[in-house]
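# Results of the structural survey
For reference, the chains in residue letters:
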Amino acid sequence: MEESKTIKAKSLLTWMALIAFVLNFIWENLHAGLYNEYNLFMKSIYFLGCTIGDVVLTFIIYGLVAVVLKDKYWIRNFNFKILLIVLIMASLVSLTAEWVAVELDFWSYNEQMPVVPFLDIGLSPFLAIIVNPILSFICARKIVFS
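Residues numbered from 1 in each chain as written. Predicted model: local features only at pLDDT ≥ 70, side-chain atom pairs only at ≥ 80, totals over all residues. Heavy atoms only, no water.

Glancing now at the overall build of the protein chain. Regarding its fold elements, the protein chain presents four helices and zero strands. Starting at the N terminus, the α and β elements of the protein chain follow one another as α-α-α-α. Here the C-alpha atoms of the protein chain give a radius of gyration of 16 Å, agreeing with the 15 Å that 2.2 N^0.38 yields for 146 residues. Reported as C-alpha extents along the three principal axes, the dimensions of the protein chain are approximately 55 × 35 × 20 Å. Looking at the 146 residues of the protein chain, the share that counts as buried comes to 38%. As displayed, the protein chain has an accessible area near 8,600 Å², and 71% of this comes from carbon and sulfur atoms. For the protein chain, the centre of its 10 positive side-chain charges and the centre of its 11 negative side-chain charges are spaced 20 Å apart. (Helix = DSSP H or I, 4+ residues; strand = E, 2+ residues; numbered from the N terminus. Rg over C-alpha atoms; globule rule 2.2 N^0.38 Å. Buried < 20%, exposed > 50% of the residue type's maximum accessible area, 1.4 Å probe, protein only. Areas by Shrake-Rupley, 256 points an atom, 1.4 Å probe, with all protein chains shown as cover. Lys, Arg positive; Asp, Glu negative; His and termini not counted. Charge placed at Lys NZ, Arg CZ, Asp CG, Glu CD.)

Here's what the structure looks like:
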């Protein structure tokens, strides 16, 4: 029984990482025009680095939800209440990560980037770290536990 749980956990983590990577890589490329220009070579490295960072943030969100719920397998019981907790954790992680990145000049926005009122961070990157982890959790759960 315990071995089956371990296999499911490894499978879940693998699927979450793969799905998060694909979703975030697509998102990074789609919203690239909202940032100040980088040369083509740097864009390729930059997108890959940002995508990997987004995958790490997905796991941080998962871990924070596990701490709040005191259940590392919370995803098995994904429901509306848990979704609200995920939304709160993802919003806090997203806000913090984007604010730090902008403050440290990791990137800057051009005039086309919509900005979150009162927060002065880009709407697109803010939403990426909310939407993509949730989709990753839902898809990985469906694949592993169905």
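Still to come is the rest of the account.
Let us now look at the pattern of salt bridges. Per the stated rule, a full pass over the model turns up one salt bridge. As a salt-bridge pair, Arg76 and Asp71 come within 4.0 Å of each other at their nearest N and O atoms. The exposure class assigned to Arg76 is partly exposed, which follows from its relative accessible area of 33%. (Salt bridge = Lys/Arg side-chain N within 4 Å of Asp/Glu carboxyl O.)

The subject of this paragraph is the environment of Lys72. With respect to the secondary-structure elements, Lys72 resides in the loop between α2 (40–69) and α3 (80–103). Through-space distance from the C-alpha of Lys72 to that of Gly49 is 27 Å; in sequence the pair is 23 residues apart. Contacts of Lys72, omitting those with residues within four sequence positions, involve Tyr62 and Ala66. (Contact = heavy atoms within 4.5 Å.)

Among the secondary structure elements, Ser136 is positioned in helix α4 (residues 123–145). Ignoring anything within four residues of it in the chain, the contact list for Ser136 reads Met16, Ile19, Ala20, Leu23 and Thr58.

Further remarks concern α3. Residues spaced three or four apart along an α-helix face the same direction, because each turn holds 3.6 residues. Between its terminal C-alpha atoms α3 stretches 34 Å, which fits the 34 Å expected from 24 residues at 1.5 Å a residue. Capping the start of α3 is the job of one residue whose side-chain oxygen sits 3.1 Å from the backbone nitrogen of Lys81: Asn79. Downstream of α3 by one or two residues, Asp105 has phi in the positive range, about 60°. (Expected span 1.5 Å × (residues − 1). Polar contact = N/O pair within 3.5 Å; in protein donor to acceptor, adjacent residues only side chain to side chain.)

Not every positive phi belongs to a glycine, and Lys70 is a case in point at roughly 55°. One non-glycine residue with positive phi stands out, namely Asp105, at about 60°.

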